[in-house]
Amino acid sequence: MTTYTPPQRTATLTDAPAIAALMRASVLELFPRFYDERQTASAAEHIAHLDLRLLEDGTYFVHEADGEIVACGGWSRRNKTHAGAGDAADDDRPLDPATEPARVRAMFVRGDWTRRGLGRAILESCRLAAKAEGFTSLTLTATMPGVPLYLSFGFTEVERVTVTTPDGVEIPGAVMARGVEKPDSIAT
């Protein structure tokens, strides 16, 4: 049986409201399997926060089905690693592809579209785009719902971390990394 994969495209600024709604809905539906009520509510406010710079940079992708965005995610050539902990002074600093990894950012899938390959397709688009710009590796800060996907895509866990959101809630996660070579490879 063939599974339908809705088409992927680069997100635009006009997609921002729909992406923001998807991010929040995804957190509210998927995070309770891994986090308590307070963590989920804080994540919906602070982690499911759309960084418009990703759309402006043209490094963010969406899958659309029946006119609705059902998955989103992207990568960045800038220093910011993730949403949720507030802003840092050097978030917009361009990364050096020769010495720093590109950042995978803001991966979210609508609950009824999980486990259909959409996250994997977005990761592959990120990998190829970062590789085309000369990056040799990728890094991300994963929330616990995303860890299985990233492991299956060849990321390895570098360290466990806790993201403290602006409201003081601690959300466990993991820093993960991999090279940009073929998709089934393991990070070096």
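In this text, all values refer to a predicted model and were calculated from it rather than measured experimentally.

Conventions we followed
- Starting from 1, residues in each chain are numbered consecutively following that chain's sequence as written.
- Predicted model: local features are reported for residues with pLDDT of at least 70 only, side-chain atom pairs are reported and counted for 80 or more only, and whole-chain, interface and lining totals are derived from all residues.
- The basis for every side-chain value is the complete set of heavy atoms in the structure, and neither hydrogens nor water enter the calculation.
- Criterion for a salt bridge: a side-chain nitrogen of Lys or Arg within 4 Å of a carboxyl oxygen of Asp or Glu.
- In this description a helix means any DSSP run of H or I spanning at least four residues, a strand means any run of E spanning at least two, and both kinds are numbered starting from the N terminus.
- Each residue is assigned to one of three classes by its accessible area relative to the maximum for its type, calculated with a 1.4 Å probe on protein chains only: buried under 20%, partly exposed between the two thresholds, exposed over 50%.
- By definition, two strands form a pair when at least two bridges between them are found by DSSP.
- Lines fitted to C-alpha atoms define the axes here, with helix axes fitted over just the stretch in contact, and angles between the N-to-C directions of these axes take values from 0 to 180 degrees.
- The predictor's confidence in any single residue is recorded as pLDDT, a number from 0 to 100.
- Nonpolar cores are built from buried Ala, Val, Leu, Ile, Met, Phe, Trp, Tyr and Cys residues. Side-chain atoms within 4.5 Å join them into one set.
- Two residues qualify as a contact provided that any one of their heavy atoms is within 4.5 Å of a heavy atom in the partner residue.

Notes on the pattern of salt bridges
- Summed over the entire model, instances satisfying the criterion amount to eleven salt bridges.
- Here R110 ties to E68 by a salt bridge, and the two come within 2.7 Å at their closest N and O atoms. Taken together, the positions of R110 in the loop between strand 4 (102-109) and helix 4 (118-132) and E68 in strand 3 (residues 68-76) put the pair 42 residues apart, joining distant regions of the chain.
- Taking the relative accessible area as the measure of exposure, E68 reaches 43% and is therefore partly exposed.
- It is possible to trace a salt-bridge network through shared partners that takes in R9, D15 and E64.

Considerations on unusual backbone geometry
- Of note, D66 is a non-glycine position whose phi angle comes to about 50 degrees, a positive value.
- Non-glycine residue A106 carries a positive phi angle of around 50 degrees.
- Note that A106 resides in strand 4.

Brief notes about the sheet that holds strand 3
- Read from one edge of the open sheet, seven strands run 1-2-3-4-5-7-6, paired in mixed fashion. Of all strands in the sheet, those bounded by a partner on one side alone are strand 1 (8-10) and strand 6 (156-164). Within the sheet, the average angular offset between the axes of one strand and its neighbour, ignoring direction, is 25 degrees.

Describing the confidence of the model for the chain
- On average, residues of the chain score 92 in pLDDT, and 91% of them are at 70 or above.
- Per-residue pLDDT, averaged within each element of the chain, yields its smallest value for helix 3 (residues 52-56) (95) and its largest for strand 1 (98).

A few points about the pairing of strand 6
- One ladder, built from eight bridges, connects strand 6 with strand 7 (residues 170-179); its direction is antiparallel. The partner of T164 across the bridge, within strand 7, is E170.
- Taking the residues that link successive antiparallel strands as the turn, the strand 6-strand 7 hairpin has five residues, and the phi of G168 there is positive, at about 90 degrees.

What about the nonpolar core?
- I19 and F155 are the most contacted members of the largest nonpolar core, which has 50 residues in total.
- In this structure, F155 is in contact with V104, L123, L138, L140, Y150, M176, A177 and R178, ignoring residues within four places of it in sequence.

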